[in-house]
Amino acid sequence: GAGVSQSPRYKVAKRGQDVALRCDPISGHVSLFWYQQALGQGPEFLTYFQNEAQLDKSGLPSDRFFAERPEGSVSTLKIQRTQQEDSAVYLCASSVDRGSSTEAFFGQGTRLTVV
Amino acid sequence: QQQVKQSPQSLIVQKGGISIINCAYENTAFDYFPWYQQFPGKGPALLIAIRPDVSEKKEGRFTISFNKSAKQFSLHIMDSQPGDSATYFCAASKSSGDKLTFGTGTRLAVRP
């Protein structure tokens, strides 16, 4: 595709429900990042993949958050037993690689509202 | 721990004026400093970026000024236009392909 695609665009979940958010990165991009953006705040790093390997998950806020990229392309961020504090926009970004002069391209995000 | 501090939180500028947004960082390992522009309902888009080996970078109406000793950098938007109205985020990372640490954002409104 032309850019990073995320789905769904909007998700409303009842507290305690599990959700899965999908990211289709730009074709051929090796690096994939997930960020969480709370209302009125800057994005905060969650996790990083290089191909299928999850090299950094230091930003995941709890063990309820899980991400995978099994074939090195599409990635899924799963949140188990959602809580109200999980309400945010979840952004996915991809880049060609981790080397110099590589720009990260962001998707439009998934807005998650936990009620 | 907020590693990148951004100010002001909001900014109103008249059309044709200069918009200035400032950021300060703490981690001296940061080596790449991009600015992102975000419109409502959209993801951030890279506007301009700089590395600490230069003190200034200009692309069209957008200029980054960088002060390594003070650990500060700023975005200047010359001849601001209503279409520039958006939220601007500064960010920093250890390299251009590494995870980004973002500032809290500046909401810019350019009045016609």
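Basis of the calculations
- Sequence order as written defines the numbering, with residues in each chain counted from 1.
- Lettering for chains starts from A, numbering for ligands starts from 1, and both go in the order in which the items are written.
- Local features in this predicted model are restricted to residues of pLDDT 70 or higher, and side-chain atom pairs are both shown and tallied only at a pLDDT of 80 or more, whereas totals for entire chains, interfaces and linings draw on every residue.
- As a convention, hydrogens and water are excluded, and side-chain values are obtained from all of the structure's heavy atoms.
- In what follows, residue pairs with any heavy atoms lying within 4.5 Å of each other are defined as contacts.
- Throughout, buried area stands for the accessible area (probe radius 1.4 Å) lost by two parts on being put together, summed over both.
- By salt bridge we mean one thing: a side-chain nitrogen of Lys or Arg within 4 Å of a carboxyl oxygen of Asp or Glu.
- Identification of polar contacts relies on pairs of N or O atoms within 3.5 Å, with a donor-acceptor requirement for protein atoms, meaning one able to donate a hydrogen and the other able to accept it, and with residues adjacent in sequence counted only if both atoms are side-chain atoms.
- Only DSSP runs of H or I reaching four residues or more are called helices, and only runs of E reaching two or more are called strands; each is numbered from the N terminus.
- Strand pairing follows a simple DSSP-based rule, namely that at least 2 bridges must link the two strands.
- Note on definitions: angles span 0 to 180 degrees between N-to-C directions of axes, and those axes are lines fitted to C-alpha atoms, for helices only across the stretch in contact.
- Grouping buried Ala, Val, Leu, Ile, Met, Phe, Trp, Tyr and Cys residues that are joined through side-chain atoms within 4.5 Å yields what is termed a nonpolar core.
- For each residue, the accessible area found with a 1.4 Å probe, counting protein chains only, is set against the maximum for its type, and the residue is called buried under 20%, exposed over 50%, and partly exposed in between.

Draft legend 1. Structural view of the interface of chain A and chain B. Listed as interface residues are 23 residues of chain A and, on the opposing side, 18 residues of chain B. A combined buried area of about 1500 Å² lies between chain A and chain B, and 47% of that area is made up of carbon and sulfur atoms. There are 1 salt bridge connecting chain A and chain B. Here Asp56(A) ties to Lys99(B) by a salt bridge, and the two come within 2.9 Å at their closest N and O atoms. The interface formed by chain A and chain B includes 5 residue pairs in polar contact (both at pLDDT 80 or more). Ranked by residues supplied to the side of chain A that touches chain B, first place goes to strand β4 (residues 31–37) of chain A with 3 residues.

Draft legend 2. Expanded view of the sheet that holds strand β6 (residues 56–59) of chain B. Residues and elements named next belong to chain B. Across the sheet, which stays open at both edges, the 5 strands sit in the order β1-β3-β8-β7-β6 with antiparallel pairing between neighbours. The strands lining the two open edges of the sheet, one partner per strand, are β1 (4–7) and β6. Ignoring which end each strand starts from, the neighbouring axes of this sheet average 15° apart. As defined by bridge partners, strand β7 (residues 62–67) adjoins strand β8 (residues 72–77) across 6 bridges and the pair is classed as antiparallel. What sits directly across from Phe62, in β8, is Ile77.

Draft legend 3. Structural context of the nonpolar core. Core analysis: the biggest nonpolar cluster contains 24 residues, and Phe33(B), Trp35(B), Phe73(B), Leu75(B) and Tyr88(B) have the highest contact counts within it. Every element with two or more residues in this core is listed here: β2 (10–14), β3 (19–25), β4 (33–38), β5 (45–50), β7, β8, β9 (86–92) and β11 (106–111) of chain B. Per-element tally for this core: the top contributor is β9(B), with 4 residues. Residues contacting Tyr88(B), with those up to four places away along its chain left out, are Gln6(B), Ile21(B), Tyr36(B), Gln37(B), Leu47(B), Leu75(B), Ile77(B), Gly105(B), Thr106(B) and Leu108(B). Ile26(A), Leu32(A), Ala88(A) and Leu112(A) belong to the second-largest nonpolar core, a separate cluster that totals 20 residues.

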